[in-house]
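Listed below are the residues making up each chain.
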Amino acid sequence: MTKDSSNAMWGGRFAAGPDAIMEAINASIGFDKRLAAQDIQGSRAHAAMLGSTGIITSSDAETIREGLLTVLSEIDGGEFPFSTALEDIHMNVEARLKALIGDAAGRLHTARSRNDQVATDFKLWVRDQIDAAMGGLKALIRALLTQAEAGAHWVMPGFTHLQTAQPVTWGHHMMAYVEMLGRDLSRFRDARARMNECPLGAAALAGTSFPIDRHMTAEALGFDRPSANSLDAVSDRDFALEFLSAASICAMHLSRFAEELVIWSSAQFRFVTLSDRFSTGSSIMPQKKNPDAAELIRAKIGRIFGANVALMMVMKGLPLAYSKDMQEDKEQVFDAADNLMLALAAMEGMVRDMSANVDALAAAAASGFSTATDLADWLVRALDLPFRDAHHVTGSLVAMAEARGCDLPDLTLADMQSVHGAITEDVFGVLGVANSVASRTSYGGTAPDQVRAQIARWKEKLG
C-alpha cells in the first residue's frame, strides 16, 4: 500500500495521517478553554502559595500573578491565540505566560501536575454553575410565589391520571412546584458543600515533596479544606456527577411543568394564556399560538439526562488514579449546565408572564364530579357511615348524575334520598367547589389559608 493510499483512509480532514488524528483526539482546547478563568484563578493562588512558602521567590510569584492577569484580560478581550498544538487550556495559558514574562513562567508548575490542576479548575467551574443554578431556582420560585399569592383562592381541578379528581386552588398547584424546586435547591446546596474540598497540591497522584501549604490555596480558592487523599483528589469526578444528578432531577421537574403549560394553554383547556414573548405562530395557520418555549424546555431536558448517563459511562471502569478518558468529562457537563440555565430562565419568564384564565379554571373545577369525595366525607361525618359504604353511596349518586347528564349539585334532595334516605339538605353545603377547597384545612392542604401560610413560609426561607 502506498503512503498516499494509506493517508486516504483517514479522510481529507486528516491528510497528514496518524499524527493529525492523534492531535485531534488528544486536544481539548476546543472546549476546555471555558475553564480559562478558573485555571488562572487556581494558578494565581498556587503562585502566591509558592512565594509564601519560599519554594519560589516572592518576586517570581508576583511576576507570575501579574502576568496571569494579563493573560486573562487577553482571553476576556478575545485577543488570545488559542493553539490546538498546545492541547489544553493549561498549556495554552502557560505558554502565553512564558511569552509575556519569560523564564519565571516555568516556575509556576512547581509542586503541581496537570492532574490536580484540571481537577481544581473543573471543580471551581462546577461550583460556579451550582451557584448560578441556585440563583436561577430562587428566581423561578419567587415567580411561582407571585402566581400563588395572586391565586391562592382561585379554584381549579386537581387531577390524577389527567382525570378530574378534586378541586384545588391555583395557589396550591403553584406551590407544589415550589416544593419540588425547593428540593432541587437543597440538592444543589448539599452537592456544593460536599464538593468543596480543594484538589490542588495532590500533584500527579501521590502528593509532592515540596513544602507546600495546601490549606492556604484551599482558603484562597474558597474551599472549606484540602482534599484528604491525593489519589482520590485527582481521580474524583463525583462533584460533576452530583451536579448532573441534581440538574437531571431539576430538569425533570421543569419538564413536568412545561408539559402542563403545553396542555393548559391549548384551546381544549384554556387554563392559561402564555405571553407572546414565549410563544410563536404558525407559518400556515394564522389562529395558532404555539407554546414553543415550554416544548423546547421539555425537549432540552433529554440532553441533561444524556449528559448524566454519559459521564457515568466514562467513569465506571476507570482504575485509580487519572486516565485520559477523563478528558471526556467536560463537554457534556458544559452542555448540561448551559441547557439547565436556559430552561430555568425560560420557565421563569413564562411563569412571570402567564395569565390564569380564572373563569375557565373555575368551570373545569366544577365539572367531572370533582366534589364526589366531599360528598363521601360528608356521609361519614354527618351520617356516621363507614367510609366504604359512603364510597358506594357516592358512586351510585355519581352514576345517577352521569345518566342524567348533570353534576352532583344538580341532583335534588329526593334524588339523593332515593339512594340513601338519611341524606339531608345540609349535603348541598359541601358540593360547591369553593366550599370543597375551603374545607381542606389540614396542614399542606389546598384551603386558601393553608396556601397563604406556605407562601409566607417560603418567603421567609428565601429572605
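Keep in mind that this is a model prediction, so the values were computed, not measured. (Residues numbered from 1 in each chain as written. Predicted model: local features only at pLDDT ≥ 70, side-chain atom pairs only at ≥ 80, totals over all residues. Heavy atoms only, no water.)

## What to know about the layout of surface pockets
Here the largest pocket is characterised by a volume of approximately 460 Å³. Gly158, Val168, His172, His173 and Ala176 are the residues nearest the centre of the largest pocket, which is lined by 23 residues in total. In terms of residues, the lining of the largest pocket owes the most to one element, helix H8 (residues 170-195), which gives seven residues. When the residues that make up the lining of the largest pocket are grouped by side-chain class, the tally is eleven nonpolar, eight polar and four charged. (1 Å grid on protein atoms, 1.4 Å probe; cavity = no way out; pocket = protein on both sides within 12 Å on 5 of 7 lines; lining within 4 Å. Points joined across faces, edges and corners; volume = space filled by probe spheres on them. Helix = DSSP H or I, 4+ residues; strand = E, 2+ residues; numbered from the N terminus. Nonpolar A, V, L, I, M, F, W, Y, C, P; charged D, E, K, R; others polar.)

## With respect to the packing of helix H15 (residues 372-383) against helix H16 (residues 387-404)
In the contact formed by H15 and H16, the axes pass within 8 Å of each other and the chain directions differ by 135°. Between H15 and H16, the angle is such that the two are oblique. Considering how the two elements wind past one another, H15 and H16 form a crossing that is right-handed. The residues of H16 that touch H15, namely those facing Ala372, Leu375, Ala376, Asp377, Leu379 and Val380, are Phe387, Ala390, Val393, Thr394, Leu397 and Val398. By residue class, the composition of the contact of H15 with H16 is ten nonpolar, one polar and one charged. (Axes fitted to C-alpha atoms, helices over the stretch in contact; angles between N-to-C directions. Parallel < 35°, antiparallel > 145°, perpendicular 65-115°, else oblique. Left-handed = near helix turned anticlockwise from the far one by under 90°. Contact = heavy atoms within 4.5 Å.)

## A short note on unusual backbone geometry
Between leucine 320 and alanine 321 the backbone carries a cis peptide bond, its omega angle lying at 5°. Looking at where alanine 321 falls in the secondary structure, it is placed in the loop between helix H12 (292-315) and helix H13 (331-353). Of note in this structure, alanine 203 is not a glycine but carries a positive phi near 60°. Relative to the helices and strands, alanine 203 resides in the loop between strand S3 (197-198) and helix H9 (214-220). Alanine 203 gets classed as buried once you look at its relative accessible area, which sits at 8%. Even without being a glycine, arginine 270 presents a positive backbone phi close to 55°. Here arginine 270 lies in the loop between helix H11 (238-264) and strand S5 (272-273). (Buried < 20%, exposed > 50% of the residue type's maximum accessible area, 1.4 Å probe, protein only.)

## Some details on empty space enclosed by the protein
According to the stated counting rule, one finds one cavity of 30 Å³ or more in the structure shown. Taken as a whole, the largest cavity encloses approximately 30 Å³ of empty space. Every residue lining the largest cavity is listed: His46, Met49, Leu200, Gly201, Ile212, Asp213, Arg214 and Thr217. The class makeup of the residues in the lining of the largest cavity is three nonpolar, three polar and two charged.

## A few points about a positive patch on the surface
Together, Lys138, Arg142, Arg189 and Lys461 make up a positively charged patch on the protein surface. Judged by its relative accessible area of 31%, lysine 138 falls in the partly exposed class. (Patch = residues over 30% accessible without salt bridge, like charges linked within 9 Å, V, L, I, M, F, W, Y side chains within 5 Å. Areas by Shrake-Rupley, 256 points an atom, 1.4 Å probe, with all protein chains shown as cover. Salt bridge = Lys/Arg side-chain N within 4 Å of Asp/Glu carboxyl O. Lys, Arg positive; Asp, Glu negative; His and termini not counted. Charge placed at Lys NZ, Arg CZ, Asp CG, Glu CD.)

## Describing the packing of aromatic side chains
Scanning the entire structure with this criterion turns up 13 aromatic pairs. Ring geometry for phenylalanine 80 against phenylalanine 82: centres 4.7 Å apart, planes inclined by 55°, an arrangement best described as tilted. Aromatic pair phenylalanine 188 and phenylalanine 243: ring centres 6.0 Å apart, planes at 45°, arrangement tilted. With phenylalanine 188 in helix H8 and phenylalanine 243 in helix H11, this residue pair connects regions lying 55 residues apart in the sequence. The pair formed by phenylalanine 188 and phenylalanine 243 is uniform in burial state, with each residue classed as buried. (Phe/Tyr/Trp six-rings, centres within 6.5 Å; stacked < 30°, edge-to-face > 60°.)

Function-wise, these values are silent; they only describe arrangement.
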